[in-house]
Amino acid sequence: MAAAPVFDLRAIRSLWRVTSRGELLQSLGGASSPSRGGAMWMQLPPGVRRVLSALGRALAIVVLMVYSVLAGLTVGRMGMGVPQVLAMAAVSCTFVVVIFGMPYAISTLYLSKDVSFYLALPIPVRTLLTVRLGHFVASCSSLALVFAAFGAGALFQLGAPVVDYLRLAVLLPSCAVSGCCTVLLILMLLMRLTPLSSHVETLTTVLSTLFTVAIVLVSLLVGPLMSDPSQMSAVTSTDVPRVLATVFNPGLLALEALAATDAVSLALAVVLLLALSCALFLLALRVGDWAYLPSARALQMRGGSSARRLGDAELVSRLASRPQWRATLSRDLRCMVRNPVFFNQFVISSLLMPLVLLVSLGLPTLMRLRDAGEAGGVTAVFEGFGAARDALLPALALDGPIGPWFLVGALAAGALLCGVLAYATAKAVSRDGADFDLIRSQPVDWRQYVSGKLLAALIVHVAPTLVLLSLLNLVLAVVVVPAPTAVAAEIMLVLSPLPIHLAAFAYGAVRPMLDWENEAELSRGVGASVLVWASMLLAPLTMAPAAIPLLAAIFWSLHPALACVLSLALLVGEAALAWRACMAVSVSALSRPRG
């Protein structure tokens, strides 16, 4: 009998088409289950659902690309050269792929419920491994589009020739593929050679903590460095970040050759990058033959969780009585932290918002202070600030000309910046999945269940951005804003996101998605995109009642102090009404038997 080919292209193409079709059906809400996105969505024809899903994804990608281009234009105005822009884009792409790729790889390759189905298929091992690893690399490599837009904006600002855009187009996909393959190699070897496959919860908790620390450190370092092009050039060209990125992506060693002006060196660099990406993927396949399937089978046989024994003290503490809302809060927080996909979707996304705000607000401030200091010295900067403070203090009072505008800005900041993550709050009940039926079988107080879920959602999805905005408001109160205005602004910052998140939670309780096969399904398809855009559209509507008295004080003759009191009263009443409505709707929906 003839030996089977190493790569059966026909079998790979067929399995790739089947798995892609299955992922498409999952993103469109499944084939027949009404709970996958709601009955109204499932009643639409498949073609319409496919078009709407594509439009939702395209709109999200366009917004992200526009933001990346604007960030690239800002970097291009800082005087960096083309080699530094290429190095910065390549290093950043490598780090992001590694940070976000590791939790995604753990979920899709080991913890996903469809792994056991694929392992039972009567197909060659190499075919299955090629398709599984290929899907992961293709999904993570899409992140290169974001950095391609960033690099293109910087190159456009610098007036770079077309050949530099070609260098960027070759460099970033190679960085993404090489980073993905390195992640696969590290993960498969860890799972095969260490006992981590028996302690998946410990593995995911440690990785989640490390990734959070890495994101915070990188974000805090990037802001100050970007205010000085010479420092950024040094960081992206040499030193620790470049060395660390080269460990995950050896193709960065060819950056100097890629920036060469002669055609021969450039062609050799392109060939080297492409060959390195292919070699790393083949190496991942070769290691996967030995490392992936045994550990994946062993993990599936154990049910995907650890089986450690609890000590007497820990068992007593876990069996101790506590309020149901506290138990629900603890369980939901642990679920979001320990599950790598949930951590990536719900926790990291909540941390990125304040970090983006910190860099976006801090970078222009640092650049202006640097320019002002170079123009007139540090003393002139402080003298100008003191004069501006004397003029702004009376203007920012409640009865001043700028005070009502400041409060409207606080309303908008709280509603838009904290409310944009309301889509994650809508998934609070859906995160329980099949465990929800077990919860229903217990004597549950649904009001306490809803309270615990809501508190967990507000802690994770609202608190990080709200803390940053509150610190900014505190700094302004110390420096330039009068105390009454700052207190009113703080109340508006705290209360303005509540109606959006409460409405999102009620929607998620009425139409939960509980029969997901893979945790990643909760963020796929048109459902997540529609919720994101719906929360952004809902924010102006929820802030409108409280903003009307302030706008009346600005454009009409309403007294500013009275307008502030009316605005706060309307905001408190709206939050209380939204809480009562959310409780009533959620408790009624969750207590009904599932059809």
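Residues numbered from 1 in each chain as written. Predicted model: local features only at pLDDT ≥ 70, side-chain atom pairs only at ≥ 80, totals over all residues. Heavy atoms only, no water.

Asks: Just give me the short version of the overall build of the chain, but keep the residues and values in it.
Replies: Across its full length, the chain carries 25 helices and zero strands. Buried positions account for 45% of the 595 residues belonging to the chain. Accessible surface for the chain amounts to roughly 28200 Å². Of this, 73% is attributable to carbon and sulfur atoms. (Helix = DSSP H or I, 4+ residues; strand = E, 2+ residues; numbered from the N terminus. Buried < 20%, exposed > 50% of the residue type's maximum accessible area, 1.4 Å probe, protein only. Areas by Shrake-Rupley, 256 points an atom, 1.4 Å probe, with all protein chains shown as cover.)

Asks: Lay out the confidence of the model for the chain with the relevant residues and their values.
Replies: Confidence along the chain averages 74 in pLDDT terms, with 70% of residues attaining 70 or more. Throughout residues 1–5 the model reports pLDDT below 50, and contacts reaching past four residues in sequence, or to other chains, amount to zero contacts. In the model, residues 223–238 has pLDDT below 50 throughout and makes 34 contacts with residues more than four positions away in sequence or in other chains. (pLDDT = per-residue confidence, 0-100. Contact = heavy atoms within 4.5 Å.)

Asks: Help me get a handle on helix 22 (residues 483–495), residues and values and all.
Replies: Given a rise of 1.5 Å per residue, 13 residues ought to cover 18 Å, and the 19 Å separating the end C-alpha atoms of helix 22 matches this to within 8%. Within helix 22 the residues assigned to the buried category are Thr 485, Ala 486, Ala 488, Ala 489, Met 492, Leu 493 and Leu 495. (Expected span 1.5 Å × (residues − 1).)

Asks: Outline the packing of helix 6 (residues 125–141) against helix 8 (residues 162–193), supporting the account with residue identities and numerical values.
Replies: Close contact between helix 6 and helix 8 brings their axes to 9 Å; oriented N to C, the two are set at 135 degrees. It follows that helix 6 is oblique to helix 8 by the angle criterion. Crossing of helix 6 against helix 8: the hand is right-handed. Counting all contacts with helix 6, which are made through Leu 133, Phe 136, Val 137, Cys 140 and Ser 141, the residues of helix 8 involved are Ala 176, Val 177, Cys 180, Cys 181, Val 183 and Leu 184. (Axes fitted to C-alpha atoms, helices over the stretch in contact; angles between N-to-C directions. Parallel < 35°, antiparallel > 145°, perpendicular 65-115°, else oblique. Left-handed = near helix turned anticlockwise from the far one by under 90°.)

Asks: Run through the packing of aromatic side chains, naming residues and quoting values.
Replies: Under the defined criterion, the tally for this structure stands at five aromatic pairs. Taking the centre distance of 5.9 Å and the plane angle of 85 degrees together, the rings of Trp 405 and Phe 555 count as edge-to-face. Taken together, the residues span a long stretch of sequence, with Trp 405 in helix 17 (residues 403–419) and Phe 555 in helix 24 (residues 525–555) at a distance of 150 residues. The interplanar angle of 35 degrees and the centroid separation of 5.7 Å between the aromatic rings of Phe 436 and Trp 446 together place this pair among those described as tilted. With a gap of 10 residues between them, Phe 436 in helix 19 (residues 435–440) and Trp 446 in helix 20 (residues 446–461) connect regions that are remote in the sequence. No difference in accessibility class separates Phe 436 from Trp 446, as the two residues are buried. An aromatic cluster of at least three residues, connected via ring pairs, comprises Trp 405, Phe 555 and Trp 556. When the ring centre of Phe 346 is taken as reference, the NZ or CZ atom of Arg 431 above it lies at 4.9 Å. (Phe/Tyr/Trp six-rings, centres within 6.5 Å; stacked < 30°, edge-to-face > 60°. Lys NZ or Arg CZ within 6 Å of the ring centre and 35° of its normal.)

Asks: Residue-level account of the nonpolar core, with values.
Replies: Ranked by internal contacts, the top residues of the largest apolar core, which has 67 residues, are Cys 93, Tyr 110, Leu 133, Phe 136, Leu 171, Met 188 and Tyr 292. For this core, the elements supplying multiple residues, two or more each, are helix 1 (9–27), helix 4 (82–111), helix 5 (115–119), helix 6, helix 7 (144–158), helix 8, helix 12 (255–258) and helix 13 (263–301). Considering every element that reaches this core, the biggest residue donor is helix 4, with 16 residues. Here Met 188 is in contact with Tyr 110, Ala 284, Val 287, Gly 288, Ala 291 and Tyr 292, once residues within four sequence places are set aside. Ranked by size, the runner-up nonpolar core spans 51 residues in total, among them Leu 421, Ala 422, Ala 426 and Leu 522. (Core = buried A, V, L, I, M, F, W, Y, C linked by side-chain atoms within 4.5 Å.)

Asks: Help me get a handle on the pattern of salt bridges, residues and values and all.
Replies: A full pass over the atoms with the stated rule returns six salt bridges. Linking Arg 331 and Asp 435 is a salt bridge whose minimum nitrogen-to-oxygen distance equals 3.3 Å. On the criterion of sequence distance, the pair formed by Arg 331 in helix 15 (residues 324–338) and Asp 435 in helix 19 is long-range, its members being 104 residues apart. Judged by its relative accessible area of 34%, Arg 331 falls in the partly exposed class. Asp 432 is paired through a salt bridge with Lys 453; the nearest N and O atoms lie 3.1 Å apart. Separated by 21 residues along the polypeptide, Asp 432 in the loop between helix 18 (422–426) and helix 19 and Lys 453 in helix 20 bring together distant segments of the chain. Residue Asp 432 is classed as buried on the basis of its relative accessible area, which comes to 3%. A single network of salt bridges, built from pairs that share partners, joins Arg 331, Asp 332, Arg 431, Asp 432, Asp 435 and Lys 453. (Salt bridge = Lys/Arg side-chain N within 4 Å of Asp/Glu carboxyl O.)

Asks: I'd like to hear about the packing of helix 20 against helix 25 (residues 560–591), residue by residue, with values.
Replies: Direction vectors running N to C along helix 20 and helix 25 enclose 120 degrees, while the axes themselves pass 9 Å from each other. Classified by the angle between their axes, helix 20 and helix 25 sit oblique to one another. As helix 20 packs across helix 25, the resulting crossing turns out to be right-handed. Here helix 20 contributes Trp 446, Arg 447, Tyr 449, Val 450, Ser 451 and Leu 454 to the contact with helix 25, which in turn contributes Trp 579, Cys 582, Met 583, Ser 586, Val 587, Leu 590 and Ser 591.

Asks: Talk me through the side chain of Asp 164; I want residue IDs and the actual numbers.
Replies: As for its placement among the helices and strands, Asp 164 is situated in helix 8. With sequence-adjacent residues up to four places away left out, Asp 164 is seen in contact with Val 82, Leu 86 and Leu 155.

Asks: Give me the environment of Thr 328: which residues, what numbers.
Replies: Tracing the backbone through its elements, the reader meets Thr 328 in helix 15. The residues touching Thr 328, leaving out its near neighbours within four places in the chain, are Tyr 449, Gly 452 and Lys 453.

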